[in-house]
Amino acid sequence: MVVQRVGVPAAGIPSAASLRGFALAALPRRYGELTIRIVVDAESRALNHHYRGKDKPTNVLSFQGGPGVLGDLVICADVVAREAREQAKPARAHWAHMVVHGCLHLQGYDHEQDAEAQRMEAREIRILKTLGFDNPYS
């Protein structure tokens, strides 16, 4: 697993070891290569626009990999910090949630339909509880 921080100050971002721990809690034993890339608003916005047609930064983007590669997570530090403040959540808990959420997307979980969203959220809640974090949806 590779963790990259691109143009983002380290302040407020969990350590690479913590991010790996969050991801490993959400992944099966054999998961393939995973890269977690931490970016600023501008890069998140550009990627979100290019791949999803949305002209704004987003908290986490997931990109599926190929054989032997689970994929990539691109997490926007600015958005995660802003959301944590707005939702009155500890920043570390929100980081854990975004990593878990992204890892579940890479495993095929989705939240486009209500039933899928309930299944994904229930899994997130269980995983985050094992990491010592509260339900992110309450």
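Preceding block: the structure.
The structure presented is a predicted model; accordingly, all values stated were derived computationally and were not measured.

## Looking at the environment of histidine 97
- Along the chain, histidine 97 falls in helix α4 (residues 91-106).
- Along the chain, histidine 97 and valine 40 lie 57 residues apart, while their C-alpha atoms are 18 Å from each other.
- Excluding residues within four positions of it along the chain, histidine 97 makes contact with Glu124, Leu128, Pro136 and Tyr137.

## Things to note about the packing of helix α3 (residues 77-86) against α4
- Where α3 meets α4, the axes come as close as 9 Å, and the angle between the chain directions of the two elements is 125°. Between α3 and α4, the crossing angle belongs to the class labelled oblique. Every pair of crossing elements has a handedness; the one defined by α3 and α4 is right-handed. Facing Ala77, Val80, Glu83 and Ala84 of α3, the residues of α4 in contact are Ala91, His94, Trp95 and Met98.

## Quick notes on the packing of aromatic side chains
- If you walk through the whole model with that rule in mind, you get 2 aromatic pairs.
- Summarising the aromatic geometry, the rings of phenylalanine 22 and phenylalanine 133 are spaced 5.9 Å apart at their centres and angled 80° between planes, so their arrangement reads as edge-to-face. Of this pair, phenylalanine 22 sits in helix α1 (residues 16-26) while phenylalanine 133 sits in the segment after α5 (114-130), and the two are 111 residues apart along the sequence. As far as the burial class goes, phenylalanine 22 and phenylalanine 133 line up, both buried.
- Plain terms: the ring middles of tyrosine 51 and phenylalanine 63 are 5.0 Å apart, the flat faces sit at 70° to each other, and that makes the pair edge-to-face. Taken together, the residues tyrosine 51 in helix α2 (residues 41-52) and phenylalanine 63 in strand β3 (residues 60-64) connect sequence positions 12 residues apart.
- A relative accessible area of 52% places tyrosine 51 in the exposed class.

Criteria and thresholds
- Residues numbered from 1 in each chain as written.
- Predicted model: local features only at pLDDT ≥ 70, side-chain atom pairs only at ≥ 80, totals over all residues.
- Heavy atoms only, no water.
- Helix = DSSP H or I, 4+ residues; strand = E, 2+ residues; numbered from the N terminus.
- Contact = heavy atoms within 4.5 Å.
- Axes fitted to C-alpha atoms, helices over the stretch in contact; angles between N-to-C directions.
- Parallel < 35°, antiparallel > 145°, perpendicular 65-115°, else oblique.
- Left-handed = near helix turned anticlockwise from the far one by under 90°.
- Phe/Tyr/Trp six-rings, centres within 6.5 Å; stacked < 30°, edge-to-face > 60°.
- Buried < 20%, exposed > 50% of the residue type's maximum accessible area, 1.4 Å probe, protein only.

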